[in-house]
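Structural features, examined
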Amino acid sequence: MAFSRLWSDTLPRSVSKKFVAMLCTLFTLLYFMHCLTDRCSTAPAPERASGQAAQDWRAPRNKMLLQKWIATGFADDAPLFGGESEQRSHLSSSNPTSAVWSGSAGKLSPLSDGTKKLPQAIIIGVKKGGTRALLEFLRVHPDIRAVGAEPHFFDRHYDRGLDWYRELMPRTLEGQITMEKTPSYFVTREAPARIYAMSRDTKLIVVVRDPVTRAVSDYTQTLSKKPDIPTFESLTFRNRSVGLIDTSWSAVQIGIYAKHLDNWLRFFPLRQMLFVSGERLISDPAGELARVQDFLGLKRIVTDKHFYFNQTKGFPCLKKAEGSSKPHCLGKTKGRTHPGIQPQVLQRLRQFYRPFNMKFYQMTGHNFGWEA
Ligand SMILES: Nc1ncnc2c1ncn2[C@@H]1O[C@H](COP(=O)(O)OS(=O)(=O)O)[C@@H](OP(=O)(O)O)[C@H]1O
């Protein structure tokens, strides 16, 4: 009180008013700077469901993990939180440079630049189609920024809300496309409506592969984790003596592409979907990448100059991965040796898929040649 009396006595009223106004401006400015450094606690909290799981991503350790995971571009098919996971491997492009710099059209800028946006394009499937290879190849493009691991937002974590999902995305500059890949979306009933609700303009990419080899690949992956599972042959049939296929087995079910596509076409026009051949992604990666870049409205920057065929791996690899100067192949969980399957079982499966494949070719206007 004494101080305020002294203050009003010693300073004219107009001067003290100006001083208070300046002080307020200074505090406002300081507060804004504080918010810009991402420490503002009054920013709107992400919409999400209650429960421990929904809170996990905000835990300091998980937040750090999240940032590392996004910045270093860990190419890992393991989901970030919980769920079935695949071993970490693939392209381990953990080059420190990419953690610090993000380039657009050759321009370098700090990673803190730009904003996190919801993806404008998503690789929605199919499991074991070659989705990791496609994403890693696309990441070489300076105008594509992608999440390393599979977010599984539209199937497993939808209740965490769009803010949670956006937070997983890398920062992008004007003109850059944000992408993610989660192959299970293609067979998730709710996914089309949910993606449509996020943005009806989302571009959808589906990497498809001969459903028979896809099923064997899927089985091989499960076998690698659970060596005690029954044989492929026994899982394929509901009744082997009459050749009745067990369509409830997910390895078989996923390959009925026409059925799943039907679900997507209720929400998205065909022109908003691109079907990439998993086989051509191996035999001619640059050719398939040209189609994808065109579809995304990007300059064809990833070309045959970026690939070489690695004889040991038996697959195309990148001469230089994103943010690295070294050659990179996908890890050992990609391109596994498949177990030998009885030819008559494969034959029966081929026969089973034939009408569905025909329908799929008709729907997409593209013959993938799986019957040859
Ligand atoms: N360049 C390159 N290197 C290694 N592997 C390649 C490549 N291109 C496509 N493929 C094929 O990708 C198959 C795995 O597919 P996905 O990445 O979609 O699998 S997953 O659903 O994410 O688990 C994987 O299946 P398997 O051969 O059965 O392991 C590969 O055949």
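Bear in mind that the values here come from a model prediction, so they are computed numbers and not experimental data. (Residues numbered from 1 in each chain as written. Predicted model: local features only at pLDDT ≥ 70, side-chain atom pairs only at ≥ 80, totals over all residues. Heavy atoms only, no water.)

1. Description of the overall build of the protein
For clarity, the threshold we go by: Helix and strand definitions follow DSSP, with helices as H or I runs of at least four residues and strands as E runs of at least two, each counted in order from the N terminus. Burial classes follow relative accessibility: with a 1.4 Å probe on protein chains only, a residue under 20% of its type's maximum area counts as buried, one over 50% as exposed, and anything between as partly exposed. Contacts were defined at the residue level, with two residues in contact if any of their heavy atoms lie within 4.5 Å. Surface exposure here means Shrake-Rupley accessible area, sampled with a 1.4 Å probe, where a residue is shielded only by the protein chains that are shown.
Within the protein one finds 15 helices and 13 strands. Classification of the 372 residues of the protein by burial places 47% in the buried group. Long-range pairs, those at least 24 residues apart, make up 70% of the contacts in the protein between residues at least 6 apart in sequence. When the accessible surface of the protein is split by element, carbon and sulfur atoms take 57% of a total near 19,200 Å².

2. Some words on the nonpolar core
Selection rule: In this description, a nonpolar core means a group of buried Ala, Val, Leu, Ile, Met, Phe, Trp, Tyr and Cys residues linked to one another through side-chain atoms lying within 4.5 Å.
One finds Ile124, Phe154, Tyr165, Tyr185, Ile195, Trp264 and Phe360 to be the most contacted residues of the largest nonpolar core, which totals 31 residues. Within the residue set of this core, elements represented by two or more residues are strand S4 (121-125), helix H7 (161-168), helix H8 (191-198), strand S8 (203-208), helix H12 (257-265), strand S11 (273-277) and helix H15 (343-364). Looking at which element gives the most residues to this core, the answer is H12, with four residues. Those residues within four positions of Ile124 in sequence are excluded, and the remaining contacts are Thr182, Pro183, Ser184, Tyr185, Phe186, Ile195, Leu204, Ile205, Val206, Trp264 and Met273. Residues Ala121, Leu134, Leu138 and Met179 belong to the second largest nonpolar core, which totals 28 residues.

3. Notes on the pattern of salt bridges
Any two side chains of opposite charge can pair, on the condition that their charged atoms come close. To keep it simple, the criterion reads: Salt bridge, as applied in this entry: a Lys or Arg side-chain nitrogen positioned within 4 Å of an Asp or Glu carboxyl oxygen.
For the coordinates displayed, the defined rule picks out 14 salt bridges. For the salt bridge of Arg238 with Asp246, the shortest nitrogen-to-oxygen distance reads 3.4 Å. Judged by its relative accessible area of 52%, Arg238 is exposed.

4. Looking at the site of the ligand
Stated formally: A cutoff of 4 Å decides nearness: a residue is near a molecule or strand if any of its heavy atoms lies inside that distance of it. Here a polar contact is taken to be a pair of N or O atoms separated by no more than 3.5 Å, where protein atoms must pair a possible hydrogen donor with a possible acceptor and residues adjacent in sequence count only if both atoms sit in side chains. When residues are grouped by polarity, Ala, Val, Leu, Ile, Met, Phe, Trp, Tyr, Cys and Pro land in nonpolar, Asp, Glu, Lys and Arg in charged, and all others, Gly among them, in polar.
In the vicinity of the ligand there are 26 residues, among which Thr131, Lys181, Ser217, Gly335 and His338 approach most closely. A distance of 2.9 Å separates a nitrogen atom of the ligand from a polar atom in the backbone of Pro316. Within the complex, 97% of the 640 Å² of free accessible area of the ligand lies under protein. Secondary structure elements with two or more residues in the shell around the ligand: helix H6 (131-138), helix H9 (211-225) and strand S13 (315-318). When residues of the shell around the ligand are assigned to their parent elements, the largest contribution, four residues, is made by H6. For the shell around the ligand, the residue count by class is eight nonpolar, eight polar and 10 charged.

5. A word on the side chain of Arg336
Mapped onto the elements of the fold, Arg336 is located in the loop between S13 and H15. Among the residues examined, Arg336 registers a relative accessible area of 18% and is labelled buried. Within the local environment of Arg336, its side chain forms a polar contact with the backbone oxygen of Thr333, the two atoms lying 3.5 Å apart.

6. As for the UniProt feature "domain: Sulfotransferase" (unreviewed entry) in the protein
Convention followed: UniProt positions are given in the numbering used here, feature names are shortened, and annotations may be inferred rather than shown by experiment.
Mapped onto the present numbering, the UniProt feature "domain: Sulfotransferase" (unreviewed entry) falls on residues 119-354. Taken end to end, residues 119-354 is 36% helix and 17% strand, and its two terminal C-alpha atoms sit 34 Å from one another.

7. Some thoughts on the packing of aromatic side chains
The following threshold applies: Two aromatic rings from Phe, Tyr or Trp, using only the six-membered ring of Trp, form a pair when their centres are within 6.5 Å; if the ring planes differ by under 30 degrees the pair is stacked, by over 60 it is edge-to-face, and anything between is tilted.
Counted according to the given criterion, the structure contains 24 aromatic pairs. Note on Tyr219 and Phe232: the rings are 5.5 Å apart at their centroids and 80° apart in plane angle, and the pair reads as edge-to-face. Linking Tyr219 in helix H9 with Phe232 in helix H10 (residues 232-236), this pair joins segments that are 13 residues apart in sequence. Neither Tyr219 nor Phe232 differs from the other in exposure class; each is buried. Within the aromatic cluster, the residues linked to one another by ring pairs are Phe153, Phe154, Tyr158, Trp164, Tyr165 and Tyr185.

8. A look at the UniProt feature "active site" (unreviewed entry) in the protein
Mapped onto this structure's residue numbering, the UniProt feature "active site" (unreviewed entry) falls at Lys128. Here Lys128 shows up in the loop between S4 and H6.

9. Details of the sheet that holds strand S7 (residues 177-181)
Paired through backbone hydrogen bonds, the strands of a sheet run either parallel or antiparallel to each other. As a reminder of what qualifies: DSSP calls a pair of strands paired once it identifies at least 2 bridges connecting them. Between the N-to-C directions of two axes lies an angle of 0 to 180 degrees, each axis being a line fitted to C-alpha atoms and, for a helix, fitted only over the stretch in contact.
Strand order in the open sheet formed by five strands is S5-S7-S4-S8-S11, and the pairing between neighbours is parallel. This sheet does not close on itself; its edge strands, each paired only once, are strand S5 (144-146) and S11. Each strand of the sheet is rotated relative to its neighbour by a mean of 25°, with strand direction disregarded. Two strands pair when backbone bridges link them, and S4 and S8 are joined in this way by four bridges, in the parallel orientation. Residue Gly125 lies in a different strand from S8, and its bridge partner there is Val206. Across the face of the sheet, H12 comes into contact with S4, S8 and S11 while running at roughly 160° to S11.

10. Here's the deal with the environment of Pro285
Relative to the helices and strands, Pro285 is located in helix H14 (residues 285-295). Distance from Pro285 to Val302, taken between C-alpha atoms, is 9.5 Å for residues 17 residues apart in sequence. Those residues in contact with Pro285 that sit more than four places away from it in its chain are Phe137, Arg280, Phe307 and Pro316.

11. A word on the state of the cysteines
Here, the word disulfide means a covalent bond between the sulfur atoms of two cysteines. Our working definition: Working definition: a disulfide is two cysteine sulfur atoms within 2.5 Å of each other.
Summed over all chains, the structure comprises one disulfide. A sulfur-sulfur separation of 2.0 Å characterises the disulfide bridge that pairs Cys317 with Cys329. Torsion about the S-S bond of the Cys317 and Cys329 cystine: about 105°, corresponding to right-handed handedness. Of this pair, Cys317 sits in strand S13 while Cys329 is found in the loop between S13 and H15, placing the two residues 12 residues apart along the sequence.

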